[in-house]
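Here's the letter readout for the chains.
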Amino acid sequence: MDWLEALILGIVQGLTEFLPVSSSGHLTILSHLFGLSGETNLTMIVALHVATVLSTLVILWKEVVWIFKDLFTKQSWKSYEGLNEGTRYAINILISMIPVGIVGLFFKDKVEEIFGSGLLIVGIMLLVTALLLAFSYFAKPRQRERISGWHAFIIGIGQAVAVLPGLSRSGTTIATGLLLGNKKESLAQFSFLMVIPPVLGEALLDVMDICQQGFGAAMNGISSGALIVGFVSAFVTGCLACKWMINIVKKGKLIWFAIYCAIVGILAICFGLC
């Protein structure tokens, strides 16, 4: 992998991690076009995911500080309603992690098999993403002031299902939240914050795999310069996309992403069948 391929992968990861168009699907398509193997990709993908997590922390640092500040503020732990807003928010994030944690523990090998199944599954899942975004755009449920623990769990199920390549994580979680009747102003922020613990946990497991096979073997086909270029490009574009996506969700302009996913999905299916 040269620095130009790393630059393109970083830009695409940074943009598509937050835009509801599936970063995994786009990385799979690009890897297919570049002829990159899973072994060559692993180290780079870990670096790209960590970069986008850092971009989330940079853009939403005030919200992260607010959550931790409230966690360590004196409060009543006797009931959920007796907790302050930041603590309830943190609990909702933990609740949302339960489904994806179950998938990671018991179905990790199955998911990895699906990731190696080619462009056909990516195309189909992109079409599913398009349908979800379109449905959430036209549906007009009553908007709730804040996300409940039960809704956080359902949104977490959406995140767990979105481990499939081509099914957008942000698109699925935001669309699920909208269909449940949650305010769009708070959904993008919750969607981006809820992914931080699972992504960091998955990255830690991948780093352990890399350490087991040896750093030299893990870097096979990737120069340190290419790794740095990919990381920096993913971080910079991730910062821009995170901020942009929050504004897009507030304005409710998800239908254009539905059209885009439908077009890319159809093309991926055509290439997958060829």
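The structure this text deals with has already been given above.
Quick look at the structure, then. (Residues numbered from 1 in each chain as written. Predicted model: local features only at pLDDT ≥ 70, side-chain atom pairs only at ≥ 80, totals over all residues. Heavy atoms only, no water.)

Right, let's get into the pattern of salt bridges. Scanning all chains against the criterion turns up three salt bridges. With a shortest N-O distance of 2.9 Å, E85 and R146 are connected by a salt bridge. With E85 in helix α5 (residues 85-106) and R146 in the loop between α7 (119-138) and α8 (149-161), the pair connects residues that are 61 residues apart, well separated along the chain. Taking the relative accessible area as the measure of exposure, E85 reaches 38% and is therefore partly exposed. (Salt bridge = Lys/Arg side-chain N within 4 Å of Asp/Glu carboxyl O. Helix = DSSP H or I, 4+ residues; strand = E, 2+ residues; numbered from the N terminus. Buried < 20%, exposed > 50% of the residue type's maximum accessible area, 1.4 Å probe, protein only.)

We now examine helix α1 (residues 3-16). Given a rise of 1.5 Å per residue, 14 residues ought to cover 20 Å, and the 20 Å separating the end C-alpha atoms of α1 matches this to within 8%. Within α1 the residues assigned to the buried category are E5, A6, L9, G10, V12, Q13, G14 and T16. (Expected span 1.5 Å × (residues − 1).)

Here we come to the nonpolar core. The biggest cluster of nonpolar side chains holds 44 residues, and the ones touching the most others in it are F190, F192, L193, M245 and L254. Not counting residues up to four positions away in its chain, the partners in contact with L254 are P20, L133, S136, Y137, I174, L178, M245, I248 and V249. (Core = buried A, V, L, I, M, F, W, Y, C linked by side-chain atoms within 4.5 Å. Contact = heavy atoms within 4.5 Å.)

Relative to the assigned elements, P20 resides in the loop between α1 and α2 (23-34). Using a relative accessible area of 1% as the deciding quantity, one classes P20 as buried. Between the C-alpha atom of P20 and that of M245, which follows or precedes it by 225 residues, the distance is 8.6 Å. Once residues within four sequence positions are removed from consideration, P20 is found in contact with T129, L133, S168, S170, G171, M245, L254, F257 and C261.

Pairs of packed helices are described in terms of their axes, by the angle between the two and the distance that separates them. With their axes 7 Å apart at the nearest point, helix α10 (residues 184-194) and helix α13 (residues 224-251) run at an angle of 150 degrees to one another. As summarised for this structure, α10 and α13 are arranged roughly antiparallel, according to the angle between their axes. At the point where α10 passes α13, the crossing takes the right-handed sense. Residues K184, E185, A188 and F192 of α10 pack against C242, M245, I246, V249, K250 and K251 of α13. Here the contact of α10 with α13 is built from residues that sort into six nonpolar, no polar and four charged. (Axes fitted to C-alpha atoms, helices over the stretch in contact; angles between N-to-C directions. Parallel < 35°, antiparallel > 145°, perpendicular 65-115°, else oblique. Left-handed = near helix turned anticlockwise from the far one by under 90°. Nonpolar A, V, L, I, M, F, W, Y, C, P; charged D, E, K, R; others polar.)

A surface patch of nonpolar side chains, amounting to about 560 Å² of accessible area, comprises I98, I102, L105, F106 and F107. By secondary structure assignment, the location of L105 is in helix α5. Taking the relative accessible area as the measure of exposure, L105 reaches 69% and is therefore exposed. (Patch = residues over 30% accessible without salt bridge, like charges linked within 9 Å, V, L, I, M, F, W, Y side chains within 5 Å. Areas by Shrake-Rupley, 256 points an atom, 1.4 Å probe, with all protein chains shown as cover.)

The relative placement of two aromatic rings is captured by the distance of their centres and the angle of their planes. Taken as a whole and judged by the stated rule, the model has five aromatic pairs. Ring centres 5.0 Å apart and planes at 85 degrees place the aromatic pair F18 and F192 in the edge-to-face group. Of the two residues, F18 sits in the loop between α1 and α2 while F192 sits in helix α10, which places them 174 residues apart along the sequence. The exposure class assigned to F18 is buried, which follows from its relative accessible area of 2%. For F192, a relative accessible area of 0% corresponds to the buried category. On the basis of an interplanar angle of 75 degrees and a centroid distance of 5.6 Å, the ring pair of Y89 and F190 is categorised as edge-to-face. Of this pair, Y89 sits in helix α5 while F190 is found in helix α10, placing the two residues 101 residues apart along the sequence. Each member of the pair, Y89 together with F190, is buried. (Phe/Tyr/Trp six-rings, centres within 6.5 Å; stacked < 30°, edge-to-face > 60°.)

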